[in-house]
Amino acid sequence: MSLLEGINSPADVRRLSRDEMRVLAQDMRERLIDVCSRTGGHIGAGLGVVELTIALHAAFDTPTDQIVWDVGHQGYPHKLLTGRNGRMETLRQEGGLSGFLKRTESEYDTFGAGHAATAISAALGMAAGRDVMGESFKVAAVIGDGSLGSGLAYEGLNNAGHSDRDIIVVLNDNEMSIAPNVGAMHKYLTSIQRNPLYNRLRSRIGDLVDNAPGPFQGAGTLLRKWEESVKSFLTPGVLFEELGFRYFGPIDGHDIDALMDTFSAVRDMGTPRLVHVITKKGKGFPAGDHGEKWHALPPNHDPATGKQLAVASGNPAFTAVYGKGLVELGAERQDLAVITAAMPGGTGTAAFAKAYPSRFFDVGIAEGHGVTFAAGLATRHVRPVVTIYSTFLQRGYDNIIHDAAIQKLPVVFAMDRAGLVGEDGETHAGLYDIAYMLSVPNMTVTAPKNGAEMLGLLRAGVEHTDGPFCFRYPRDASPDVPGDMSEIAATPYATWEVVRQGREVALLAVGTMVQQSLAAADVLAAEGLEVTVVNCRYLKPYDEVTLAAILAQHTHVLTVEEGTVVNGFGAFMSTVIHRQSPHVRVAVLGVPDRIIYSASRKKQLAMAGLDPAGIADRVRALHDSEALAG
């Protein structure tokens, strides 16, 4: 039996010797590599924080002490130590463990998150709540260095440092982006900073200097300035010290002794402090410690190589089609620029970055900044294409309205992972972009039915000069294999496409729902009910001519969209149709107003009634109820 199998809670970890903790770390890495080879998931960050996770749970009294993990990518080792090892095989599966942290899953998951940079703000809120209620426990936020690219992290740091509250921030630096490599000087400085006697003396000397009698106050000021100058020269923590934090580090994040000594020393301090640890993302992965490559892996891969055991032979994904088309359009247009937010690989923009590095801008985890940056580019006659996951673009909503739409700047928004996203679950679902983009003045809102139309909309968006333009596409394979971008014309502005002509009932389908609606129409046709299917590729502005013809020829309309039904395309069309043709009965089909949890994308669509069977059922109900009423 492995040591890990005997760990049922962090209390068991706290009984281990440090040598046993090192053995536990090896057990945990083997377990993570084995499980994720079958379930898939964000394995890289987890492998990098194994020792850090052990040390945190050993040094702090969890769950009384609150540990807030940023994003949740780092959370897999935390799950292993908090009573969930036996359920790890269900990771990211329907009814199983979440791929992120979740308050309803465990009392040790103090704050759920799938988006970056929330940990410091949440932890400060917990610390403030503790103080308001007169409670006594410690709060620690664990945040990755990549999240420091987000303004939210700095807002939290600024507020926490100013508050002077009892809060600890653990900076997990796994990309060496803040500090140099750990060396002898850093170990020396860190050993001094961790020493309780040194900290008592430092505090006492500070008191003496601050309270020095009149003749010596000038000397005290000089001493403080000298101390800050030396500190800024010798340590990388001056920024955090200026923000109001005591800085400790950098520390080797894979050294159990260093971690335990540090956390034991800082735990009982009472002011804001920051512990800077250096970790290796993907540490221990058999195919090599390649942080970016092993950030996330799909299910059923070979743990020895990271490669898929069975390679799919179907059509390319929408993201791949988009990436290829973007590169080809970049060759045509020297004014085309691409912006992404720390996701060049995930958004398919890495190829553009390689082909045209001077026109590619990765702004880091700073979606709002990325949107306003793009608006600035647009003022100089550059044609910016902002490529961000639908769920992450939510974070830049104010910038979309204030900086792009109000000024009618021609910024194109390519929203990847729109709709249901399968195993990535509720934090990554792109269900709200239709609703939030429809409400933005001057915004053109579109959704393609396949890869070729997506590229046609991309071209149309880049050619559009009268305000911002957006299009959405799913985490799925394209139903077609488009040709080169040079062969694809811009999709005519504000037009719909009748892809199947029927009678009585018309399906106004958006994006991915066009193919599903066509399949439903086939089912209904076999039953003698012929329905019309319309590809509503432009949601706003809509095709007024085609809509008028549909309303003149049909008595029932069903809108179908892979997005929230609240304030979505169906709600928009219901208002328009009621105004123009109040006799036409309208029904709305979309994702219901509730949280959609992890399952396969196919299962999620079926549960929402957005597969062919569900759409056909809704059409029958709409048609039959009218027949009964008649």
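Residues numbered from 1 in each chain as written. Predicted model: local features only at pLDDT ≥ 70, side-chain atom pairs only at ≥ 80, totals over all residues. Heavy atoms only, no water.

**Quick word on the pairing of strand S16 (residues 554-564)**
Defined as follows: A 1.4 Å probe rolled over the protein chains alone gives each residue an accessible area, and that area as a share of the maximum for its type sets the label: buried under 20%, exposed over 50%, partly exposed in between. In this text, helices come from DSSP runs of H or I with a minimum length of four residues, and strands from runs of E with a minimum of two, each type numbered from the N-terminal end. Strands pair, by our definition, only if DSSP identifies at least two bridges between them. Every crossover in which the path from the first strand over the helix to the second runs clockwise, viewed with the strands pointing away from the viewer, is termed right-handed.
Counting buried positions along S16 gives ten out of eleven residues, so the element sits mostly inside the fold. In this sheet, S16 lies alongside strand S13 (residues 504-509) in parallel orientation, the contact comprising six bridges. The residue of S16 that forms the bridge with Ala506 is Val557. As defined by bridge partners, S16 adjoins strand S17 (residues 585-591) across six bridges and the pair is classed as parallel. Across the sheet, residue Val557 finds its bridge partner in S17, namely Val586. Once the chain exits S16 it traverses helix H22 (residues 569-580) before rejoining the sheet at S17, and the crossover so formed is right-handed.

**Topic: the nonpolar core**
Cut-off, in case you're wondering: What is meant by a nonpolar core is a set of buried Ala, Val, Leu, Ile, Met, Phe, Trp, Tyr and Cys residues, joined one to another through side-chain atoms within 4.5 Å. The contact criterion used throughout is that any non-hydrogen atoms of two residues lie within 4.5 Å.
Counting residues in hydrophobic clusters, the biggest one holds 49 residues, and the most contacted among them are Leu24, Leu52, Ile54, Leu56 and Phe263. The greatest single-element share of this core, amounting to eight residues, is contributed by helix H2 (residues 18-39). Those residues in contact with Phe263 that sit more than four places away from it in its chain are Leu52, Ala55, Leu56, Ala59, Phe60, Val170 and Val275. Listed in part, the 47 residues of the second largest apolar core include Ile339, Ala378, Ile388 and Phe569.

**What about the pairing of strand S11 (residues 469-472)?**
Taking every second residue as pointing to the same face, both faces of S11 are buried, with Phe469 and Phe471 on one and Cys470 and Arg472 on the other. Where strand S9 (residues 412-416) meets S11, four bridges bridge the pair, whose relative direction is parallel. When the bridges of S11 are listed, Met415 appears paired with Arg472. Direction of pairing for strand S10 (residues 444-446) relative to S11: parallel, over a ladder of three bridges. Bridge pairing in S11 places Thr446 opposite Phe471. Handedness of the β-α-β unit built from S10, helix H19 (residues 451-463) and S11 comes out right-handed.

**Digging into the environment of Thr305**
Structurally, Thr305 is set in the loop between strand S5 (273-278) and helix H13 (318-332). Separated by 19 residues in the primary sequence, Thr305 and Pro286 place their C-alpha atoms 7.0 Å from one another.

**Section: helix H21 (residues 544-553)**
Put simply, the rule is: Directions drawn from the helix axis to the C-beta atoms are what define this arc. Pairs of N or O atoms are called polar contacts if they sit within 3.5 Å, as long as, within protein, a hydrogen donor faces a hydrogen acceptor (for residues adjacent in sequence, only side-chain-to-side-chain pairs).
Among the residues of H21, those classed as buried are Thr546, Leu547, Ile550 and Leu551. Buried residues along H21 cover an arc of 135° about the axis, so they all sit on one side. The outward face of H21, more than 90 degrees from its buried face, is lined by the exposed residues Glu544, Val545 and Ala552. Where H21 is buried, its residues meet strand S12 (497-500), S13, strand S14 (531-535), S16 and H22. At the N-terminal end of H21, a side-chain oxygen is found 3.2 Å from the backbone nitrogen of Val545, two or three residues along, and the residue is Asp543.

**Brief notes about the confidence of the model for the chain**
The criterion, for reference: Values of pLDDT, which run from 0 to 100, indicate the predictor's confidence residue by residue.
Looking at the chain, pLDDT values average 89 and 87% of them are 70 or higher. Low pLDDT (under 50) marks residues 229-234, which in the prediction has five contacts with non-local residues, meaning those over four places away or in another chain.

**Remarks on the sheet that holds S14**
Using the following cut-off: Here an angle of 0 to 180 degrees is reported between the N-to-C directions of two axes, which are lines fitted to C-alpha atoms, with helices fitted over the stretch in contact.
Spatial ordering of the open sheet is given by S12-S14-S13-S16-S17, a layout of five strands whose pairing is mixed. On the outer flanks of this sheet lie S12 and S17, each paired with one strand and no other. Looking at each pair of strands side by side, their axes are set apart by 25° on average, direction ignored. Strands in contact with H22 are S13, S16 and S17; relative to S16, the strand with the most contacts, it is inclined by about 155°.

**Some remarks on empty space enclosed by the protein**
For clarity, the cut-off: Lining residues are defined by having an atom within 4 Å of a point belonging to a cavity or pocket. Those points lie on a 1 Å grid over the protein atoms alone, cavities being sets where a 1.4 Å probe fits but cannot get out and pockets being open sets with protein on both sides within 12 Å along at least five of seven lines. Grid points are joined across faces, edges and corners, and a volume is the space filled by probe spheres set on the points.
If you walk through the whole model with that rule in mind, you get one cavity of 30 Å³ or more. Of the voids in this model, the largest cavity is the one considered here, and its volume is about 50 Å³.

**Description of the pattern of salt bridges**
The line we're drawing: Salt bridges, as used here, are contacts in which a Lys or Arg side-chain nitrogen is within 4 Å of a carboxyl oxygen on Asp or Glu.
Taken as a whole and judged by the stated rule, the model has 40 salt bridges. A salt bridge links Asp34 to Arg38, with the shortest nitrogen-to-oxygen separation between them at 3.0 Å. On the criterion of helical spacing, the pair formed by Asp34 and Arg38 is a turn pair, its members being four residues apart in helix H2. What emerges from the salt-bridge pattern is a single network uniting Arg18, Asp19, Arg22, Asp257 and Asp261.

**Focus on the packing of helix H4 (residues 50-59) against helix H5 (residues 76-84)**
For the record, the criterion: Any angle from 65 to 115 degrees is called roughly perpendicular, while one under 35 is roughly parallel, one over 145 is roughly antiparallel, and all others are oblique. Each crossing is labelled by how the near helix is turned from the far one, with a counterclockwise turn of less than a right angle marking it left-handed and a clockwise turn marking it right-handed.
The contact between H4 and H5 brings their axes to 9 Å, and the two run at 40°. Comparing their axes, H5 and H4 come out oblique. Where H4 crosses over H5, the handedness of that crossing is right-handed. Counting all contacts with H4, which are made through Val50, Thr53, Ile54 and His57, the residues of H5 involved are Pro77, His78, Leu81 and Thr82.

**Some points on the sheet that holds strand S4 (residues 246-252)**
Read across the open sheet, the five strands follow the order S1-S2-S3-S5-S4; overall the sheet is parallel. The open sheet has two free edges, formed respectively by strand S1 (66-69) and S4, since each of these has just one partner strand. Across this sheet, the average inter-strand angle for adjacent strands is 20°, counted without regard to direction. The sheet contact formed by S1 and strand S2 (residues 139-144) spans four bridges and is parallel. Considered in S2, the bridge of Ile67 is made with Ala140. The sheet strands contacting helix H12 (residues 256-266) are strand S3 (168-173), S4 and S5, and the helix crosses S4 at an angle near 165°.

**Side note on unusual backbone geometry**
The peptide bond linking Thr62 to Pro63 adopts the cis configuration, its omega dihedral lying at 10°. In this structure, Pro63 sits in the loop between H4 and S1. The omega angle of the peptide bond from Lys540 to Pro541 is -5°, so this bond is cis rather than trans. By the element assignment, Pro541 lies in the loop between strand S15 (538-540) and H21. The phi torsion at Asp164 lies on the positive side, around 60°, for a residue other than glycine. Locating Asp164 in the fold gives a position in the loop between helix H7 (151-163) and S3. Even without glycine at this site, Ala494 takes up a positive phi of about 55°. Mapped onto the secondary structure, Ala494 falls in the loop between S11 and S12.

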